[in-house]
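In case you want the letters, here they are:
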Amino acid sequence: NGTLDLSLPSDSDHTLSTSPGGESDFFRLNVTGTISADRAIILSRKHQLIVKNATTGGHNLVVKMATGSTVTVANGASHLMYCTGADVIDIATLP
């Protein structure tokens with residue numbers, strides 16, 4: 001699928017839904033909302049994706065699985081990454 005505008009429902013970590021057609025099926029996540037600290041976007045399956053941190057508050061998004069390596073996306077930045085099912089690997093920072 002294409003782009004999902006994901007507004008964080010609360011000032012907390014968020015696990016992507018895995019139902020058919022759910023949040024995990026999108027290639028690009030444009031994450032918005034107001035956050036008061038660094039927040040995690042938790043993945044649950046293997047895939048490649050782009051995450052853009054368009055939140056307000058000046059904090060990072062940390063993209064991760066339940067365990068393993070993570071990718072930190074600074075406020076205003078976009079990263080292309082791959083999730084192996086255990087680790088999240090940063091492929092490139094995008095303009």
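Positions within a chain are numbered from 1, following the residues in the order the chain's sequence is written. Confidence filtering applies because this is a predicted model: local features only for residues at pLDDT of at least 70, side-chain atom pairs given and counted only at 80 or more, and all residues used for totals across whole chains, interfaces and linings. Think of the side-chain values as coming from all heavy atoms in the structure, minus any hydrogens and water.

Asks: Now, about the overall build of the protein: what can you tell me, with residues and values included?
Replies: Going along the chain from the N terminus, every DSSP run of H or I of four or more residues is numbered as a helix, and every run of E of two or more is numbered as a strand. Within the protein, the secondary structure is distributed over zero helices and nine strands. Element order for the protein, N to C, with α for helix and β for strand: β-β-β-β-β-β-β-β-β. With C-alpha atoms as the basis for the radius of gyration, the globule rule is written as 2.2 Å multiplied by the number of residues raised to the power 0.38. Here the C-alpha atoms of the protein give a radius of gyration of 12 Å, agreeing with the 12 Å that 2.2 N^0.38 yields for 95 residues. For the protein, the spread of C-alpha atoms along the three principal axes comes to 30 × 25 × 25 Å. Note on exposure labels: buried denotes an accessible area under 20% of the residue type's maximum, exposed denotes more than 50%, and partly exposed covers the range between, all computed with a 1.4 Å probe on protein chains only. Out of the 95 residues belonging to the protein, those deemed buried represent 39%. Of the contacts formed within the protein by residues at least 6 apart in sequence, a portion of 35% connects residues at least 24 apart. For the accessible areas, the method is Shrake-Rupley and the probe is 1.4 Å, while residue cover comes only from the protein chains on display. A total accessible area of about 4,600 Å² is found for the protein, and carbon and sulfur atoms account for 52% of it. When charges are counted, Lys and Arg are positive and Asp and Glu negative, with His and the chain ends excluded. Charge positions are represented by NZ for Lys, CZ for Arg, CG for Asp and CD for Glu. Averaging the positions of the 6 positive and the 8 negative side-chain charges in the protein gives two centres separated by 4 Å. The contact criterion used throughout is that any non-hydrogen atoms of two residues lie within 4.5 Å.

Asks: Mind laying out the pairing of strand E4 (residues 39-42), listing which residues take part and the relevant values?
Replies: One ladder, built from two bridges, connects strand E2 (residues 14-15) with E4; its direction is parallel. Of the residues in E4, the one forming a bridge with Thr15 is Ile42. In this structure, E4 lies alongside strand E6 (residues 61-64), joined through four bridges in parallel fashion. Bridging across to E6, Arg39 finds its partner in Leu61. We call two strands paired when DSSP finds no fewer than two bridges between them.

Asks: Hey, could you go over the sheet that holds E2 for me, with residue numbers and the actual values?
Replies: Pairing is mixed across the open sheet formed by four strands, whose spatial order is E2-E4-E6-E7. The outermost strands of the open sheet, each flanked by one partner alone, are E2 and strand E7 (71-73). Summarising the sheet, E6 and E7 pair through three bridges and their orientation is antiparallel. Within E7, the position partnered with Val62 by the bridge is Thr72.

Asks: Give a detailed account of the environment of Ser24, specifying residues and quantitative values.
Replies: With respect to the helices and strands, Ser24 occurs in the loop between E2 and strand E3 (28-32). The class for Ser24 is buried, based on a relative accessible area of 1%. When neighbours within four sequence positions are excluded, Ser24 is seen to be in contact with Leu16, Ser17, Thr18, Ser44, Arg45 and His47. N or O atoms closer than or at 3.5 Å make up a polar contact, with two conditions inside protein: a donor-capable atom paired with an acceptor-capable one, and, for residues adjacent in sequence, both atoms drawn from side chains. A polar side-chain atom of Ser24 sits 2.9 Å from the main-chain carbonyl oxygen of Ser17.

Everything listed here is a matter of geometry and, on its own, says nothing about what the molecule does.
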